[in-house]
Every structure is written in structure tokens, then in C-alpha cells.
Amino acid sequence: MEVTLDALFVVLQPLNVLLLVAGLLLGGIFGILPGVSVLTAVVLVLPLTYSLTGEGSIILLMGIYVAGIFSGAFTSILFNIPGDPQNTPTTIDGYPMTRKGEAAKAIGATVISSAIGGLFGALVLILVSRELARVSLIFGPAEYFSLTILGLTMVTVLGGGSYAKMLLSVLAGLLLATVGVAEVSGESRLKFGFAAVNAGFHFVPIVIGALAMSEVFEAAATGLDISRQYAGQPLRMREGIPSRRELADMIPTWLRCAPIATIIGVLPGHGATFAAFACYGIERTFHRRRAYFGTGEIAGVAAPEVAGNAAGMGTLVPLLALGIPGGGVAAVMLGAMQIHGLQPGPLMFTNQPRMVMVIFITALIANAMILAIGPWLARYIVRLLRIPAYLMLPAIATLCVVGAYAANNDIFDVWVMLASGLVGTYLRTQGYSVISLVLGVLLGPIAEGAFVQGMILFGSPLGFFNGWISSVLLVLSAIFVIAPLAAALLRRLRGASQTLAEPRS
Amino acid sequence: MPSALRLAIEMTCVLVVAGLSLRELLKQPLIESTRIWPQVVLSLMIVIAGLQLLSALWRIVRQASRSDPNSNGSLAAPPLEGEWPYPHRRYALMALFAIYVAALPYLGYALASALFLPAAGVILGMPRTAGNLLLGVAMAAAIWLLFVVVFEVPMPQGLMPRPGRWF
């Protein structure tokens, strides 16, 4: 109780409240801008957190994350252009509502659904992560190694696209993390004679380049510019308050989608985007007004929005409880915590209980603040869409330089960021996974530490199968690796047998 | 470029990088605990890239033998970026950004950004009016003020005097 009050006192300090509001506004702005994801916002703000306390940094990042997930729905509703990938299903019913003159109603549904989903996800985060962390206190190097491998394989398999390309992306990230001094022995390796990489690559320039800079290069090629479409529709937000009938339509959606999306979020993989699509699909199948989906049905807006924020909070569960991020934003948050000497995981609950409580309280307050800040964002911040892409994208590029340089005050890091941006752009266009690469970079040291400790302890890779937990996790990882390959092989064999069975004409 | 051929080139590059890294790793006098993890990662990379390369080569050979000699359409898959309307803008922006980074230590962040922002804007389709160019310079000044002066993020000074001398 004392820790809770202490954490509440920290969160309610004027500077931290200011940081939370600034985070919500920044997240709202970046979420609204199409082609620039909330992940970019979190990555770009990372260098600013150097001058903040650990708690202040997390409060700022949580604000950005929470607002960024839902605010992309505004452009989905108003312009039929999703601000972020997880807001794509919102266009299906949101834009028809705008065309019917019900834009305010759709935005009202978005704001309320996002807040409910986020609050539900935050409650699950509080209840589950503590228990999960308690269980994981018995974990040794074998369990940690197998858990990291399971996380990486799940992200790889659920990431979609070519399976081999996803695996290679993760492995490339793991390899990048090995360059320079090995934490276990202090010996330097894989330098190729370059003194600049003696200490290894700092993860911040790689993350900024691969995630944010590549997004700028991609947006430059797509030419997506919403500024010409902006007509400045007046929104009467009083009309956004749902009627009793509309609430009756949305409540079953919230009840079904919030738990499902939170579970999807907890599992490493697509997180909010996958949850939004899955929940829209579920509602389209089971909702009593399913026949009206696609024509401007309010539950069709509520489903992906409640799912997005619930899953967004769910992705923080494995990060806090086990120290393993379930997605891109969680990975950057892990990086932000590491910058401040914090290591998420079970020990954080015993060593830094106040920090954990700060995260919990911020998650609850930030999601509740959506209700206050959402309509304001929809009405005023949407006007920022008038800023053309030719001003916005170069400005983001210069911010990337600030972020990369500030990591070590070294111009070499800016070159690393540029190289990561070029590689990231190529990977994006050729169906590789940039997120998997970043997760590999961030989880590489954890995986290596646990692997080497395990090898010293057991003397053989078979030792990782000694405990039942690590055995189960490794078997699950193997299933995740083998199942898609087996399925593809079966499909090919079935196709071949059908071709043989077909009578020749 | 045909997708199978592109995949074959990509996998060859991965194999070359992984092979060189493995050679570098084995060449260095390292203790086992330093070497073992990168060795595992590199071995996995080589196995996966090798299998992918074989699969790509097999596809190239099979499709080439099946395809009509007068058409090479079956080999070519539409490139993912083919739908993008302005691919050249991306390459121009990349080149300009590289020049910007190279100029940073000499010109300093403020001056380099003041030149980069309007130039990048022009590449991205900004109408070349004096007002727009000035807007780019003003944005560079605003970003510099926010980060370098307000948040005191130390950026390369180059030709510019330290902000402390101005304020």
C-alpha cells in the first residue's frame, strides 16, 4: 500500500502529469499522421528521455503509446485513411458513418471503446504480470533462454510473410547484437578491424534507423499526403455521446473483444493490429446487427478500437513480467528502461516495486484520460493534417539525427542510423521483418547471457531440457518452427497427389 | 527483377556476410564462451540462407525450363514497391540524407538542417516558392531551438557558435 501511494505521488507530480499530457498529445499527433506510426513517435522521443528520470521517461512513453493506438482511428473515420495499421478495420464502418453525417458519433464510439479496452487491458496487466513474475522467479538460465527463444519464434511465425525471411531477420538482429565486447567474457569479437565498433553497436541508432528512418524513406516513395484532402469538417462533439440503443449495441462488443484482444496482445506477434482485425471479424460473425456491418454500424467501429487498446496493454504483460517484449513499441520501451538502468522482469517487482506501480498507475490514468483528451484531439489536432508531407518527413528525418547522435554524441552513430534506415527500407520492401530485426538486437544480449550461463552450468545443449518449464518452452518453440514447414509440405504433397489423381483429358 | 533471382542474390549476400563473420570469429583467439553464441547464430543463418538459395535456384531452373522462350513473364513476380508512385523520391532523399550526415560535423546541426529541410522538401514535391523555402529554414530553426537550446541535446556545432554565446 505504501508503495502504491508512493507511486501515485510520483505520477501526480506536476512535471510527470505534464509529461503524461505531452505524451498523450504527441501520441495523438503521430497516430493521426498517416504513414508515420506510433512506433516512430516512441522511437523519436527516446533521446529526450535521456534528460528525464526513469519514471518520467516511462510516463511520457506510456502516454504516447496509449494515445497513438487509438488516434489513428480519426483519419480512418474522417478520410478513410488509417493513421496506423491497427485502425484499418475502423475504416470499414467508420467512413460510411462520416458519409452519413455521423462522424462525431463514430469518434465518440472510438474514444469510449478505446478507453474501455485500454482500462481492461491495464487491469489485466496489473493482475497477470505480478503473478506471472512471481512464477518466473524460479526461472534459471535454461528457462530464460527458452523463454527468449519462444518469444522470438512466436514473433517470427505470427509476423506473417515468408517464414525463412522472418527467421533471417531475427538472426540478423541477434548477430548485430553480438558485435563488440561480449558481456560474459569482456572479449571483443566480430569487429573486422574497426575500432569504432569496439564496444558494439548502440541499439538506439539501429532502432531509430530501422523503424523510423525507413518509414520516412517509404513514405517518400508512397507519396501519401492527406493535406490536400483535409476539408476541415466541423465536428460537434456533443453529438458524439452514444444513445442508449447505441450503447446496447456496443456493450456486447466490448465484453467479447476486450478479453480476446488482451490475450492476443499478451502473445508475442502482431499485437494491436492482429487483435483489431480478429475482433472485427468476430463481431461481423456474432453481433446481432452483423448484417449492417460495412454500412456504418457503430459496433463495427467499437470492435477494432476496443481491441486495439486492450491488446496494446496486453503486449506490456510479457515485457514487465518476463522482460521479453511482445512487439515493437514494447521493444523500444525495454530499450528506454535499459537506458535508465532498469531491467524489466521478475526481479523488477522485488527490486523496483515503485517503478512497477508507476507503470500500472500510468496505464490506468492514461487510458482514462482518453475520454477527456480524445474529443479534443479529434476536433483540433486533426487540423495538423494540413501540414504537407514535404515539410513533415524531412523534419522527422532531422529528429532521427538528433536521436541517433544523442545516444553517444558520436557521428558514427548517425551513420549507423542511416545504414539501418537503408537496410530497413530494403527489408520492408522485400517482405522481411524490421520488427523481428529490432527484437533480435534488443533480446540478443539476454539470449546470449542465458545461453552461455546455461552452457557453463550444464556443459551441453541437452542441459536446457533438464527442467520441465524450459523443456515445455523449447518444445513449443520447436512446434512453432516446425508446424508451418510441415503444413507447407503437406499442402505441397496434397497438391501433387491431386494433380496425379486428375484424369488426363 | 524476377523474384527467384532476387531471392538468390539476397541469400548469396547473406551467405557471404555470414561466412566472412564466421571466418573472422574463428580466426580470433577467443575463449569458448565468447565464441559459442555468435557461432550458433551464424550457423543457423548459413543453414537457412543455404536452403533458401537452393530453393530459389531450383525455382529458377524449373521455371526457365517450363516457360515459353518468347516470354519471361512466369519468372517475374510484381515487385512489392511497384505500386509506389514516387520510387525515385526515395532514392533522391536517401542520397541527400547521406550528404546531410556527411556535412554535419563541418557545417553543424543547425546550418546543415537549414539546408537539408528545404532541399528535401523540394525532392518531396514542395513548390519552389521563397515562402516555402523559408518555411523549411524556419522549421530547422525551431527543431534546433527545441532540442539544442531547450532540451540541451549536444549536437555537432560545426561552423556555428555555441548556443550559450547567444543566449
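Residues numbered from 1 in each chain as written. Chains lettered and ligands numbered in written order. Predicted model: local features only at pLDDT ≥ 70, side-chain atom pairs only at ≥ 80, totals over all residues. Heavy atoms only, no water.

Quick word on the overall build of chain B
For step 1, the next point in the chain: What chain B contains, in helices and strands, is 5 helices and 0 strands.
For step 2, the next point in the chain: Taken from N to C terminus, the helices and strands of chain B fall in the order α-α-α-α-α.
For step 3, the next point in the chain: Per-residue burial over chain B gives 39% buried out of 167 residues.
For step 4, the next point in the chain: Within chain B, residue pairs in contact and separated by at least 24 positions form 57% of the contacts whose partners lie at least 6 positions apart. (Helix = DSSP H or I, 4+ residues; strand = E, 2+ residues; numbered from the N terminus. Buried < 20%, exposed > 50% of the residue type's maximum accessible area, 1.4 Å probe, protein only. Contact = heavy atoms within 4.5 Å.)

A closer look at helix α3 (residues 38-45) of chain A
Residues and elements named next belong to chain A.
For step 1, the next point in the chain: With 8 of 8 residues buried, α3 is to be regarded as a mostly interior element.
For step 2, the next point in the chain: Turning to α3, its buried residues number three or more, namely Val38, Leu39, Thr40, Ala41, Val42, Val43, Leu44 and Val45.
For step 3, the next point in the chain: Next to the buried residues of α3 lie α2 (14-32), α4 (54-79), α9 (203-222), α14 (328-339), α17 (389-408) and α19 (434-458).

So, the side chain of B:Arg6
For step 1, the next point in the chain: Take B:Arg6: it is sitting in helix α1 (residues 3-27).
For step 2, the next point in the chain: Exposure remark for B:Arg6: the relative accessible area of 14% places this residue in the buried category.
For step 3, the next point in the chain: At 3.4 Å, the side chain of B:Arg6 forms a polar contact with the side chain of A:Gln430. (Polar contact = N/O pair within 3.5 Å; in protein donor to acceptor, adjacent residues only side chain to side chain.)

With respect to the side chain of B:Arg35
Residue and element names in this part refer to chain B.
For step 1, the next point in the chain: Mapped onto the elements, Arg35 comes out in helix α2 (residues 32-66).
For step 2, the next point in the chain: Of the side chains with opposite charge, Glu32 lies nearest to the buried Arg35, which makes no salt bridge, at 4.6 Å.
For step 3, the next point in the chain: If sequence neighbours within four positions are ignored, Arg35 has contacts with Leu25, Leu26, Gln28, Pro29 and Leu30. (Lys, Arg positive; Asp, Glu negative; His and termini not counted. Salt bridge = Lys/Arg side-chain N within 4 Å of Asp/Glu carboxyl O.)

Brief notes about a nonpolar patch on the surface
For step 1, the next point in the chain: A cluster of nonpolar side chains, A:Leu462, A:Phe465, A:Trp468, A:Val472, A:Val475, A:Leu476 and A:Ile479, forms an exposed patch at the surface whose accessible area comes to about 730 Å².
For step 2, the next point in the chain: By relative accessible area, A:Val472 is classed as partly exposed at 42%. (Patch = residues over 30% accessible without salt bridge, like charges linked within 9 Å, V, L, I, M, F, W, Y side chains within 5 Å. Areas by Shrake-Rupley, 256 points an atom, 1.4 Å probe, with all protein chains shown as cover.)

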